[in-house]
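Structure at a glance
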Amino acid sequence: MHKPGLTSWVLAVAVCLPLTAPAAPTLVPELPPVAQLTPGNGAPIEVRVLDPSLGDPSAARITAGTLDGHFVPFDARGSHRLTAPLWFRLPALARGSVDGAGHIPVLLARAGMDQSVEVFTRRAGEHLSLAPATVVPQFGGAEDTVFVLPPGLDAGDALYARVVRQGRATTDVHFTTSTLDHTLEDAAAHQRLIALAFGALMAMALSTLLVRFVLIDRLYPLYGTLFSLQALYLAYFSGQGFHWPILSLARPISSYAWNVPVAISAAAASLFVREFANLRLFSPKVYRAFGWLAAAFVILALSNLLRVVPGLSPLIAAVGNLMFLASAVFTLIVSYLAWRSGNRAAGWFLVAWALLCTFQILTALRLLYARADDAEGLLYYGLAPSMVAAAVLIALGTSDRVRAQSLALTDAERRAQTDPLTGVLNRRSLIERLDAACMRAQARGLPISVLFIDLDHFKQINDTHGHAAGDACLSGIIAPIQAELRLSDVIGRYGGEEFVVILSGADATAAHAIAERICHRVSEVRLEGFGSPINLTCSIGVASSDTLGVWGQHLIAHADTAQYAAKRSGRNRVQLAATLAGVM
């Protein structure tokens, strides 16, 4: 008796954890790296930084070369924490030359959105400031400023870069070389990928929010909230959103633009899962636990305000990534166990989440020892598509759940409207159908007729052959009756051995003909298996609105009276109610 409840709880946990997992990357940009990987899309450059004790000299003094001896080796790790202006000396590069394939060499300076980068050199003995050709957004609040080296520069002279931190920078400084076409091609491909993922997530979120106006189900607004926030998280965490219309208004708040949405989306995911798994019914305690979990994610979103406290941000980031990694692995384990316990739905989720969790686990492991802007390949081609896949899979799961509920509701409605023995409408539903049919007939100026069918000698059958035989007789005459009805006609059990047929659009003449055919078909029914064979007959009363001028249940009353007259006349016959109108 406890196994189904346990299986439902395990499935709920299996569904929930992947949904809340994306909260971990919110803290990655603040995690100080412990390993440095090659950044950018080209060759790395070994640079030297000016001795901080010399302050911030002028560009003319730097480019003159008089301070070249004061540049020391530079370690990029942790450089995003340096608040003073930094001067860098880059080795001499090819100046504006184009190779045989037409590739234009460029310098890429990677820094945070809150850091300004200027590049200087000398031409004709004078210092020259290079204008950036474009800016390429990267994950984790990083940006690559692209500088094309113009021709005519002094050969053999070094380049100098000045980097100034203007806010809470989250990206270490790097310099790489590449070619302009390669840089622009990569930037365009990444922008398309993020735009497509953002558009897909937003489209699915908005469509479900609109569905909420048609279907009253809490799943739809929770789904829409979850993935609209996930879309914002992806746009801002990738850096693309800061360059799009309207979304660019969030640029001043930098990392808060992706940390807060993803934390709140995790809260929405917790609420979504407890509704999706119907935990209120199967496990109220776990249902309440998910409510507390949602509150915890809201607190996580608010905790971003504490990131200004020194030392807290790296700690929270590390704990968040480890929690995500553990929850992702735990999700796969409990999904497998639930599937082995016989839960077919858990098996479906196991296959679906295995694909998603693979990329999420790889992303978490990657970000534990590298910065977000150093893992752009995995984030672009792993995280972004997996988020869209998650949205699609959850939408399919939601649709399947709603379909199952709809089928269950339809079955419940059918059971409530039909007679369990014969499968035809019960008395209450029959009266409702009659009233509706009369309203339509009156509005269109059409007649309507009612047949009142009573099985002959039914009490004698029960007394002689038993109630099982009586039930078999009641079920046995349904098929012969329905064989003479049209698709628009309705039959229902009025009570005991009495049945009522509603003939829409049929006048007295047509109804009488149908009743005669039904009476004949029933008389051909022969039941065996209850002792001696049972031969059935029925008496039918017919009442029509065109001859009686009455509607609704008055037609049933007239047809019932006509049926009694048919029995008095010898049974197994049809009697029109028109000849008995005066009696009523």
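Cut-offs used in this document
- All residue numbers refer to position in the chain's written sequence, counted from 1.
- The model is predicted, so local features are restricted to residues of pLDDT at least 70 and side-chain atom pairs to those at 80 or more, both for listing and for counting; the totals for chains, interfaces and linings are taken over all residues.
- Only hydrogens and water are removed before side-chain values are computed, so all heavy atoms of the structure are retained for them.
- Secondary structure elements are defined from DSSP: runs of H or I of at least 4 residues count as helices, runs of E of at least 2 residues count as strands, and each element is numbered from the N terminus.
- Throughout this description, buried means an accessible area under 20% of the type-specific maximum (1.4 Å probe, protein chains only), exposed means over 50%, and partly exposed covers the range between.
- Should any heavy atoms of two residues lie within 4.5 Å, those residues are counted as being in contact.
- Computed with a 1.4 Å probe, the accessible areas rest on the Shrake-Rupley method; for each residue, only the protein chains presented here act as cover.
- Two cysteine sulfurs form a disulfide in these notes if their separation is within 2.5 Å.
- Within the patch definition used here, like charges are joined within 9 Å and nonpolar side chains (Val, Leu, Ile, Met, Phe, Trp, Tyr) within 5 Å, considering only residues with over 30% relative accessible area and no salt bridge.
- Basic side-chain nitrogens of Lys or Arg form a salt bridge, by our definition, when they fall within 4 Å of a carboxyl oxygen of Asp or Glu.
- pLDDT is a residue-level measure of predictor confidence that goes from 0 to 100.
- Distance and chemistry together define a polar contact, namely a pair of N or O atoms within 3.5 Å, with one atom able to donate a hydrogen and the other to accept it when in protein, and with adjacent residues in sequence counting only for side-chain atoms on both sides.
- Criterion used throughout: strands pair if DSSP finds at least two bridges between them.
- Note on geometry: axes are lines fitted to C-alpha atoms, helical ones only across the stretch in contact, with angles between N-to-C directions running from 0 to 180 degrees.
- A pair of Phe, Tyr and Trp rings is counted when the ring centres sit within 6.5 Å of each other, with Trp represented by its six-membered ring. The angle between the planes then sorts it: under 30 degrees is stacked, over 60 is edge-to-face, the rest tilted.
- In this scheme, Lys NZ or Arg CZ marks a charge over a ring once it lies within 6 Å of the ring centre and within 35 degrees of the ring normal.
- If an angle is under 35 degrees, it is roughly parallel; if it is over 145, roughly antiparallel; if it lies from 65 to 115, roughly perpendicular; otherwise it is oblique.
- Should the near helix be turned anticlockwise from the far one by less than a right angle, the crossing is termed left-handed; should it be turned clockwise, right-handed.
- For this scheme, ten residues count as nonpolar: Ala, Val, Leu, Ile, Met, Phe, Trp, Tyr, Cys and Pro. Four count as charged, namely Asp, Glu, Lys and Arg, and the remainder, Gly too, count as polar.
- The set of buried Ala, Val, Leu, Ile, Met, Phe, Trp, Tyr and Cys residues whose side-chain atoms join them within 4.5 Å is what this entry labels a nonpolar core.

**Describing the overall build of the protein**
A tally of helices and strands in the protein yields 17 helices and 18 strands. Here the protein holds 584 residues, and the buried ones make up 50% of them. Residue pairs at least 24 apart in sequence account for 76% of intrachain contacts in the protein once pairs closer than 6 positions are excluded. When the accessible surface of the protein is totalled, it reaches about 26400 Å², and 62% of it is carbon and sulfur.

**Details of the state of the cysteines**
Tallied over the entire structure, the rule returns zero disulfides. Its sulfur unpaired, C519 is 4.5 Å from the next cysteine sulfur, which belongs to C538.

**Description of a nonpolar patch on the surface**
Side chains of L210, F213, V214 and L215 sit close together on the surface and give an oily, nonpolar patch of about 480 Å² of accessible area. In this fold, F213 is placed in the loop between helix 3 (180-211) and helix 4 (219-237).

**Concerning the confidence of the model for the protein**
Predicted confidence across the protein gives a mean pLDDT of 77, with 72% of residues reaching 70 or more. Low confidence marks residues 1-41, where pLDDT is under 50. Its contacts with residues over four positions away, or in another chain, come to 125 contacts. Predicted confidence for residues 580-584 stays below pLDDT 50, and this span has seven contacts to residues more than four positions away or in other chains.

**Focus on the environment of D419**
Tracing the backbone through its elements, the reader meets D419 in the loop between helix 10 (376-417) and helix 11 (427-444). With a relative accessible area of 12%, D419 lands in the buried category. Taking the C-alpha atoms as reference points, D419 and S429, separated by 10 residues in sequence, lie 9.7 Å from one another. Setting aside chain neighbours within four positions, we find D419 in contact with V424, L425, N426 and R493. Polar contacts involving the side chain of D419 include one to the side chain of T422, which spans 2.7 Å.

**A word on the sheet that holds strand 2 (residues 48-50)**
Reading across the sheet, the six strands line up as 3-2-4-10-6-7 and stay open at both edges, with antiparallel pairing between neighbours. On the outer flanks of this sheet lie strand 3 (71-73) and strand 7 (126-130), each paired with one strand and no other. For this sheet, the mean angle separating the axes of adjacent strands, direction not counted, is 35 degrees.

**Digging into the packing of aromatic side chains**
Under the definition given, this model contains 12 aromatic pairs. With a centroid separation of 5.3 Å and 65 degrees between ring planes, the pair formed by F198 and W244 is classed as edge-to-face. One end of the pair, F198, is in helix 3; the other, W244, is in the loop between helix 4 and helix 5 (256-276), with 46 residues separating them in the sequence. Taking the relative accessible area as the measure of exposure, F198 reaches 16% and is therefore buried. You can call W244 buried: its relative accessible area is 14%. Above the face of the Y494 ring, R427 is positioned so that its terminal group lies 3.9 Å from the ring centre.

**Section: the packing of helix 3 against helix 4**
Relative orientation of the contacting elements helix 3 and helix 4 amounts to 160 degrees, with a least axis distance of 8 Å. In this view, helix 3 runs roughly antiparallel relative to helix 4, as classed from their interaxial angle. You can see that helix 3 and helix 4 cross each other, and the crossing is left-handed. The residues of helix 4 that touch helix 3, namely those facing I194, A197, F198, L201, M202, M204, A205, T208, L209 and V211, are Y220, P221, Y223, G224, F227, S228, Q230, A231, L232, L234 and A235. The class makeup of the residues in the contact of helix 3 with helix 4 is 17 nonpolar, four polar and no charged.

**Comments concerning the nonpolar core**
Grouped together as the largest cluster of nonpolar side chains are 43 residues, with contacts concentrated most on I194, Y223, F227 and F272. The next biggest cluster of nonpolar side chains, apart from the first, holds 32 residues, and it includes A469, I478, I481 and F499.

**As for the pattern of salt bridges**
Following the criterion strictly, the structure yields 14 salt bridges and no others. Between R162 and E118 there is a salt bridge, and its shortest N-O distance comes to 3.3 Å. Placement of the pair is R162 in strand 10 (residues 159-165) and E118 in strand 6 (residues 115-123), with a sequence separation of 44 residues. R162 sits in the buried class, given a relative accessible area of 18%. Residue E118 is classed as partly exposed on the basis of its relative accessible area, which comes to 30%. Salt-bridge contacts for R526 lead to E528; the nearest nitrogen and oxygen are separated by 3.5 Å. Under the relative-accessibility criterion, E528 is labelled exposed at 56%. One salt-bridge network, in which partners are shared between bridges, spans D56, E118 and R162.

**Brief notes about the sheet that holds strand 13 (residues 490-495)**
Read from one edge of the open sheet, five strands run 13-14-12-17-18, paired in mixed fashion. Pairing within the sheet leaves two strands with one partner each, and these edge strands are strand 13 and strand 18 (574-576). The average undirected angle you get between the axes of adjacent strands in this sheet is 20 degrees. Of the strand pairs in this sheet, strand 13 and strand 14 (residues 498-504) are connected by five bridges, and their pairing is antiparallel. Counterpart to I491 in the pairing with strand 14 is V501. In this fold helix 15 (residues 508-523) packs onto strand 12 (448-455), strand 14, strand 17 (538-544) and strand 18, with an angle of close to 170 degrees to the strand it touches most, strand 17.

**Description of unusual backbone geometry**
For R571, which is not a glycine, the phi torsion comes out positive at approximately 65 degrees. Tracing the chain through its elements places R571 in the loop between helix 17 (553-568) and strand 18. Of the residues examined, R571 reaches a relative accessible area of 31% and is grouped as partly exposed. With phi around 50 degrees, N572 is a residue other than glycine that occupies positive phi space. Tracing the backbone shows N572 in the loop between helix 17 and strand 18. Residue N572 is classed as partly exposed on the basis of its relative accessible area of 35%.

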